[in-house]
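A structural walkthrough
Chain by chain, the residues run as shown.
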Number of protein chains: 2
Amino acid sequence: MAFKLYYWDGIQGRGEFIRLALEDAGADYIDVARMSGKGGGTDTMLEIMGSRSEAEIPFAPPFLQDGDLVISHVANILFYLGPKLGLAPQQDRLRYRANGLQLTITDFVAEVHDTHHPISTSLYYEDQKTEAKARSAAFIKDRIPKFLGYFERVLQQNPFGASHMVGNSLSYVDLSLFQIIEGLTYAFPNAMRDHERQYPGQAALHASVRSRPNIAGYLSSPRRLAFNEDGIFRHYSELDAVR
Amino acid sequence: MAFKLYYWDGIQGRGEFIRLALEDAGADYIDVARMSGKGGGTDTMLEIMGSRSEAEIPFAPPFLQDGDLVISHVANILFYLGPKLGLAPQQDRLRYRANGLQLTITDFVAEVHDTHHPISTSLYYEDQKTEAKARSAAFIKDRIPKFLGYFERVLQQNPFGASHMVGNSLSYVDLSLFQIIEGLTYAFPNAMRDHERQYPGQAALHASVRSRPNIAGYLSSPRRLAFNEDGIFRHYSELDAVR
């Protein structure tokens, strides 16, 4: 039976970390909110979230349905899916390591979101632009180097080699890091101009993920939405570093 | 062998979610950064984080060492510890549910932190006080009701009864929710004034956790630090609702 992925239509957002894993594995899945007709659409998703009787009510998308099991939060979904898709390490200890790395990525993604929404998600970007500039400046100066510097150390210190974040073969963490590099390069092209030289391990990993047949096929398909200014990674030139 | 918990000395912070689980279970653990002498202190913690050779380098505290296994991030540590401490549901599907709930708590805690640091963690609170007031106002208006409203629904819709967030017995999620209520009541006493009436399930859970013998013993021990203005939950009266 196909996995059912629930995420907002129209943006890559947090759902994209799940899509990349499903696509790389060639898994059978339905992107429910993007599907038209019976059982599809955003309303179907909101109905599950708004249930006043079900036990498993997600706080927010993305969530995944596998049979009658409902799993929410990106890291939790990937922890569940990873072994099923052949995208998690075999050893338990490395699975906890993968989960820890994915949770660092989760924190980073939340900080990316807050560069354009530092005051409130209920306000428009235009109404918090001044604060967004201050937060983005600090993000570019302090946080990008802190996170990418950390991920680079993780790659370089992987005892199985610097091709992967954890273990000796591709995992969902590698796919998520690919998406981080994609997103940052879209949102902050000036700040990221020199990243291939600064973070060579991540540049190599990014290139290697991009050339995987299923990923390459996905990226050139209509299923891969373009980045846009409704998602997590947004390009506002006034928030980027000065070129 | 005792678990080793690594977290910043002097604050409850994110480490407290782990401490509550260890304390409730009466587990043998060492709070490394708070321990003086050989093998203790903050320097020992920073040395592990700063290693240029080890594979398992945490991005940030808290992290847990169990033998030679190192696990980072609150939700990941609790997912690992829960079954060992008798604080996780028996069924796999409920463990994923517990993990999803814990990750919602994680997100909420990050938002609590950003009420006093909306622009940058590298700046002092005083240097972002204006933005902190705006973010806190939005947090009190939109985010507290959204998260606590959700947790209340989860309790009330738990098919095993409203005494627990998941399953039919106490789990680490219940302990973490207790800490959320403790922290919010400390940080935003005016905003939380009416919470017992608004969220009766959480009030009952909070009282029931507080009266557990090991928790009561812990809370009155010197191991439980007081909330303070270096932690996640900070009381700045100018950020609270007007009484």
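Because the structure is predicted, anything quoted here is derived from the model rather than measured.

1. A few points about the interface of chain A and chain B
The accessible area lost on association of the parts is a frequent measure of interface size. With 48 residues of chain A at the contact, the number on the chain B side is 48 residues. Counting each side, the surface lost to burial between chain A and chain B is near 4,300 Å², with a carbon and sulfur contribution of 53%. It is A:F59, A:R93 and A:Y96 in chain A that bury the most area against chain B; as a group they hold 17% of the surface buried on that side. At the surface where chain A touches chain B, the tally comes to six salt bridges. A salt bridge links A:E56 to B:R93; its shortest N-O distance comes to 3.4 Å. Per-element accounting of the side of chain A that touches chain B gives the leading share, 11 residues, to helix α5 (residues 129-156) of chain A. The residue makeup of the side of chain A that touches chain B, split by class, is 20 nonpolar, 14 polar and 14 charged.

2. So, the confidence of the model for chain A
Detailed conclusions should not be drawn from predicted coordinates in areas where pLDDT is low. Mean pLDDT over chain A stands at 97; residues scoring 70 or higher make up 100%. Here the predicted complex scores 0.98 on pTM and 0.97 on ipTM.

3. With respect to the domain arrangement of chain A
Residue and element names in this part refer to chain A. Taken domain by domain, chain A holds domain 1 (3-85) and domain 2 (92-239). Relative to domain 2, the C-alpha centre of domain 1 lies at a distance of 21 Å. Facing 21 residues of domain 1, the contacting portion of domain 2 comprises 28 residues. Together domain 1 and domain 2 conceal approximately 2,200 Å² of surface at their shared face, both sides included; 62% is due to carbon and sulfur atoms. When the area that domain 1 buries against domain 2 is broken down by residue, the three leading residues are Q12, F17 and D24, summing to 29%. Joining domain 1 to domain 2, the criterion identifies three salt bridges. Close ionic contact of R223 with E23 constitutes a salt bridge, the shortest N to O distance being 2.7 Å. There are nine residue pairs in polar contact (both at pLDDT 80 or more) connecting domain 1 and domain 2. Sorting the residues of the side of domain 1 that touches domain 2 by element identifies α1 (15-24) and α3 (74-85) as the ones contributing at least two each.

4. Quick notes on the packing of aromatic side chains
Enumeration according to the criterion identifies 29 aromatic pairs over all chains in this entry. Both rings, one in A:F139 and one in A:F188, keep their centres 5.6 Å apart while their planes meet at 40°; by these two values the pair is tilted. With a gap of 49 residues between them, A:F139 in helix α5 and A:F188 in the loop between α6 (172-187) and α7 (195-198) connect regions that are remote in the sequence. A single burial state applies to A:F139 and to A:F188, both of which are buried. The ring of B:F59 carries A:K146 above its face, with NZ or CZ at 5.5 Å from the centroid.

About the thresholds
Residues numbered from 1 in each chain as written. Chains lettered and ligands numbered in written order. Predicted model: local features only at pLDDT ≥ 70, side-chain atom pairs only at ≥ 80, totals over all residues. Heavy atoms only, no water. Contact = heavy atoms within 4.5 Å. Buried area = accessible area lost by both parts, 1.4 Å probe. Salt bridge = Lys/Arg side-chain N within 4 Å of Asp/Glu carboxyl O. Helix = DSSP H or I, 4+ residues; strand = E, 2+ residues; numbered from the N terminus. Nonpolar A, V, L, I, M, F, W, Y, C, P; charged D, E, K, R; others polar. pLDDT = per-residue confidence, 0-100. Domains from an automatic or database assignment. Polar contact = N/O pair within 3.5 Å; in protein donor to acceptor, adjacent residues only side chain to side chain. Phe/Tyr/Trp six-rings, centres within 6.5 Å; stacked < 30°, edge-to-face > 60°. Buried < 20%, exposed > 50% of the residue type's maximum accessible area, 1.4 Å probe, protein only. Lys NZ or Arg CZ within 6 Å of the ring centre and 35° of its normal.

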